[in-house]
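As a plain string of letters, each chain reads:
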2 protein chains.
Amino acid sequence: MTYPIQFVSLGPGDPELITLKGLKALRDADCIFCPETLNRNGEVRSRAADILSGVGIIDESVIRRFRLGMSKQRAEAFTAYERVYEQALSLHLEGHKVCIVAEGDAGFYSSIHYVYDKLKAQGIPVLHIPGIPAFIAAGACAGLHVASGEQQLTVLPGTTTAEELGRLLGQENAVVIMKLSQCTDEVHRFIRLHPEHTYHYFENVGTPDEVYLNDSNQIASIRFPYFSLLIIGKSTISHA
Amino acid sequence: MTYPIQFVSLGPGDPELITLKGLKALRDADCIFCPETLNRNGEVRSRAADILSGVGIIDESVIRRFRLGMSKQRAEAFTAYERVYEQALSLHLEGHKVCIVAEGDAGFYSSIHYVYDKLKAQGIPVLHIPGIPAFIAAGACAGLHVASGEQQLTVLPGTTTAEELGRLLGQENAVVIMKLSQCTDEVHRFIRLHPEHTYHYFENVGTPDEVYLNDSNQIASIRFPYFSLLIIGKSTISHA
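Figured I'd write up the structure that's included with this text. (Residues numbered from 1 in each chain as written. Chains lettered and ligands numbered in written order. Predicted model: local features only at pLDDT ≥ 70, side-chain atom pairs only at ≥ 80, totals over all residues. Heavy atoms only, no water.)

**Examining the packing of aromatic side chains**
Within a pair of aromatic rings, the relevant descriptors are the distance that separates the centres and the angle that separates the planes.
Now for step 1: One pass over the full model with this rule turns up 22 aromatic pairs over all chains.
Now for step 2: Taking 5.9 Å as the distance between ring centres and 40 degrees as the angle between the ring planes, the aromatic pair formed by Phe 108 of chain A and Phe 135 of chain A counts as tilted. One end of the pair, Phe 108 of chain A, is in the loop between strand 5 (98–102) and helix 4 (113–121); the other, Phe 135 of chain A, is in helix 5 (residues 134–142), and 27 residues separate them in sequence. Taken individually, Phe 108 of chain A and Phe 135 of chain A each receive the classification buried, so the pair is uniform in this respect.
Now for step 3: Each member of the aromatic cluster is reached from another via a ring pair, and the members are Phe 108, Tyr 109 and Phe 135 of chain A together with Phe 108, Tyr 109 and Phe 135 of chain B.
Now for step 4: Sitting above the plane of the Phe 227 of chain B ring, Arg 47 of chain B keeps its charged end 4.1 Å from the centroid.
Now for step 5: One residue, Lys 97 of chain B, lies across the ring of Tyr 3 of chain B, its end atom 4.9 Å from the ring centre. (Phe/Tyr/Trp six-rings, centres within 6.5 Å; stacked < 30°, edge-to-face > 60°. Helix = DSSP H or I, 4+ residues; strand = E, 2+ residues; numbered from the N terminus. Buried < 20%, exposed > 50% of the residue type's maximum accessible area, 1.4 Å probe, protein only. Lys NZ or Arg CZ within 6 Å of the ring centre and 35° of its normal.)

Here is the structure:
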């Protein structure tokens, strides 16, 4: 007997923001693949493992960590994913209950979907348990109506220009920018050009290191770390 | 002693997709405001109450239902929200633990945010517990990578044209259209003009009445009900 390989979305960082379904799958698993990263200071970090530990899943004989690069080193990440694919497949075929976790939602800007697609293409049964994306948790943390009524919302994953932002925000719409560290200068420039918009800046949402700023001068003067995002709207987005 | 009024997001429909935090708040509440609607056939429906019941919250002395119109009758909805505001405020001031629930996420195209903003403006402590939006659950149900890498994602809440869709999808980006019933003809027209895109159509995600279609001819020939959404992408979005 074999069980579907489950891709369990952990949500934004607060362990209590995992779903009942996700927690059930994790508690029932024999084996949980969990990403970790090596940061610039040479420290190994795993937000995913922190979330697992927060819901009481700490058995190191169940958790299998795999190392990912922080940013754009695609080739390295894909080598890691190939290894996860092979190990997960082999454990699945031996009858184990395998979970693979992802922060946020596993199908929303999550490179782990590569492993999902590869397993699916091989005819292996896979399931995806959804989770709360970081921008939704950020909006909740600041009490925002991120998008409302007939507003359009555009999500930009870290590559944008001040001109593009101007075009997108020209019609009372809302914009979410993720991976801010990849477009710091353009975002700073846009904020200085457009003080009429409202800016909501977040770091490490749902973790003890959470930061929330809504002072545009301050936002336009700081460097953005990797886990940061910005929600921009017209004044129809209420302030916190 | 008073407690913050908690806006609890219930997620897309499957009771197991509520968060641990949301469930805790609901179990602890003295009073839960819950929307219901009257459909065209004169039946009273409440998806929110179905979700509450699915997690075992069925005490009718705790649940207070309020009636909302299905579609665009704004004035009627705001009268209902004013009543929720007044009752929630008065229960809060008497020391009760008050929750107000919303499907999906309470800050993502959710008109209940009107009540949140009004309470906050009066200095009443409010909390927003985030939830999974329907489009994220839809993507998970079909095993899609809704948006990936440097793709932009645009969410359109029911008002769009074939021309706008063409512009948005011109650059390998992804689009989510909610409230499809408001733009049926334009969406049908776009699908017939652009068979090169991939179309993923969903009704009643996360409920027993769930429908998923990815045959574009079929999608271009059906009428869309209120709880429906469409995810459109280039071929980079994997098929289920």
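**Remarks on the pattern of salt bridges**
Residues and elements named next belong to chain B.
Now for step 1: One pass over the full model with this rule turns up 24 salt bridges over all chains.
Now for step 2: Across the salt bridge formed by Asp 28 and Lys 97, the nearest N and O atoms sit 3.6 Å from each other. Of the two residues, Asp 28 is situated in helix 1 (residues 20–28) and Lys 97 in the loop between helix 3 (74–93) and strand 5 (98–102); the sequence distance between them amounts to 69 residues.
Now for step 3: Of the charged contacts in the structure, one is a salt bridge between Glu 164 and Arg 167, with a shortest N-O distance of 4.0 Å. Here Glu 164 and its partner Arg 167 are both found in helix 6 (residues 162–168), three residues apart, which amounts to about one turn of the helix.
Now for step 4: According to the relative accessible area criterion, Glu 164 is buried, its value standing at 16%. (Salt bridge = Lys/Arg side-chain N within 4 Å of Asp/Glu carboxyl O.)

**Looking at the nonpolar core**
Now for step 1: With 84 residues, the main nonpolar core has Leu 26 and Leu 153 of chain A together with Leu 26 and Leu 153 of chain B as its most contacted residues.
Now for step 2: Once residues within four sequence positions are removed from consideration, Leu 153 of chain A is found in contact with Phe 135, Val 146, Ala 147, Ala 174, Val 175 and Val 176 of chain A together with Phe 108, Tyr 109, Leu 153, Thr 154 and Val 155 of chain B. (Core = buried A, V, L, I, M, F, W, Y, C linked by side-chain atoms within 4.5 Å. Contact = heavy atoms within 4.5 Å.)

**Quick notes on the relation of the copies chain A and chain B**
Relating one copy of the chain to the other requires a rotation about an axis plus a shift along that axis.
Now for step 1: After a rotation of 180 degrees and a shift along the axis of 0.0 Å, chain A superposes on chain B with an RMSD of 0.0 Å. In the structure described here, the two chain copies are related by an operation that fits a two-fold rotation axis.
Now for step 2: By residue overlap, the copies meet face to face through one surface: 100% of the interface positions of chain A are interface positions in chain B. (Least-squares fit on C-alpha atoms with pLDDT ≥ 70 in both.)

**Quick look at the packing of helix 3 of chain B against helix 4 (residues 113–121) of chain B**
Residue and element names in this part refer to chain B.
Now for step 1: Following both chains from N to C, one finds helix 3 and helix 4 inclined at 45 degrees, their axes separated by 9 Å at the closest point. In terms of orientation, helix 3 and helix 4 fall into the oblique class. The two elements helix 3 and helix 4 cross, and the hand of that crossing is right-handed. Between helix 3 and helix 4, the residues in contact are Phe 78, Tyr 81, Glu 82, Val 84, Tyr 85 and Leu 89 and Tyr 114, Val 115, Lys 118 and Leu 119, respectively. (Axes fitted to C-alpha atoms, helices over the stretch in contact; angles between N-to-C directions. Parallel < 35°, antiparallel > 145°, perpendicular 65-115°, else oblique. Left-handed = near helix turned anticlockwise from the far one by under 90°.)

**Examining the interface of chain A and chain B**
Now for step 1: Each side of the interface is counted separately: chain A has 53 residues, and chain B has 53 residues.
Now for step 2: Taking both sides of the interface into account, the surface hidden between chain A and chain B amounts to around 4,200 Å²; carbon and sulfur atoms contribute 58%.
Now for step 3: There are four salt bridges connecting chain A and chain B.
Now for step 4: Linking Lys 21 of chain B and Asp 14 of chain A is a salt bridge whose minimum nitrogen-to-oxygen distance equals 2.6 Å.
Now for step 5: For the pair chain A and chain B, the interface holds 26 residue pairs in polar contact (both at pLDDT 80 or more).
Now for step 6: For the side of chain A that touches chain B, the element with the most residues is helix 5 of chain A, which contributes five residues.
Now for step 7: For the side of chain A that touches chain B, the residue count by class is 25 nonpolar, 16 polar and 12 charged.
Now for step 8: As paired strands, strand 7 (residues 153–156) of chain A and strand 7 (residues 153–156) of chain B are joined by three bridges and run antiparallel to one another. Residue Thr 154 of chain A lies in a different strand from strand 7 of chain B, and its bridge partner there is Thr 154 of chain B. (Buried area = accessible area lost by both parts, 1.4 Å probe. Polar contact = N/O pair within 3.5 Å; in protein donor to acceptor, adjacent residues only side chain to side chain. Nonpolar A, V, L, I, M, F, W, Y, C, P; charged D, E, K, R; others polar. Pairing = 2+ DSSP bridges.)

**A few points about the sheet that holds strand 8 (residues 174–178) of chain A**
By way of backbone hydrogen bonds, the strands of a sheet pair with one another, either parallel or antiparallel.
Now for step 1: Across the sheet, 10 strands lie side by side as 10(A)-9(A)-11(A)-8(A)-7(A)-7(B)-8(B)-11(B)-9(B)-10(B); this open sheet has mixed pairing. Unpaired on one side and paired on the other, strand 10 (211–213) of chain A together with strand 10 (211–213) of chain B mark the two borders of the sheet. Direction aside, the axes of adjacent strands within the sheet are offset by 15 degrees on average.
Now for step 2: Taken together, the three bridges between strand 9 (residues 198–203) of chain A and strand 10 of chain A define a ladder with antiparallel strand orientation. Bridge pairing links Tyr 201 of chain A to Leu 213 of chain A in strand 10 of chain A.

**Re unusual backbone geometry**
Residue and element names in this part refer to chain A.
Now for step 1: For Tyr 109, which is not a glycine, the phi torsion comes out positive at approximately 55 degrees.
Now for step 2: Residue classification places Tyr 109 among the buried residues on the basis of a relative accessible area of 14%.
Now for step 3: You will see that Lys 179, though not glycine, has its phi angle at about 45 degrees, which is positive.
Now for step 4: Within the secondary structure, Lys 179 is located in the loop between strand 8 and helix 7 (184–193).

**Focus: the pairing of strand 2 (residues 31–38) of chain B**
Put simply, side chains in a regular strand alternate between the two faces of the sheet.
Residue and element names in this part refer to chain B.
Now for step 1: A large share of strand 2 lies buried, amounting to seven of its eight residues.
Now for step 2: Looking at chain direction, strand 2 and strand 4 (residues 63–68) are connected through six bridges and run parallel. Along strand 4, the bridge assignment pairs Glu 36 with Arg 67.
Now for step 3: Both strand 2 and strand 3 (residues 44–45) contribute to a ladder of two bridges, which runs antiparallel. For Leu 38, the partnering residue across the bridge sits in strand 3 and is Val 44.
Now for step 4: Hairpin geometry of strand 2 and strand 3 is characterised by an intervening segment of five residues between the two adjacent antiparallel strands and by a positive phi of about 80 degrees at Gly 42.

**Some words on the environment of Leu 52 of chain B**
Residues and elements named next belong to chain B.
Now for step 1: Within the element layout of this structure, Leu 52 appears in helix 2 (residues 47–54).
Now for step 2: The buried category is assigned to Leu 52, whose relative accessible area is 0%.
Now for step 3: Measuring from C-alpha to C-alpha, the distance between Leu 52 and Arg 64 comes to 12 Å, with 12 residues separating the pair along the chain.
Now for step 4: Residues contacting Leu 52, with those up to four places away along its chain left out, are Leu 10, Leu 26, Ile 32, Cys 34, Ile 57, Ile 63 and Val 101.

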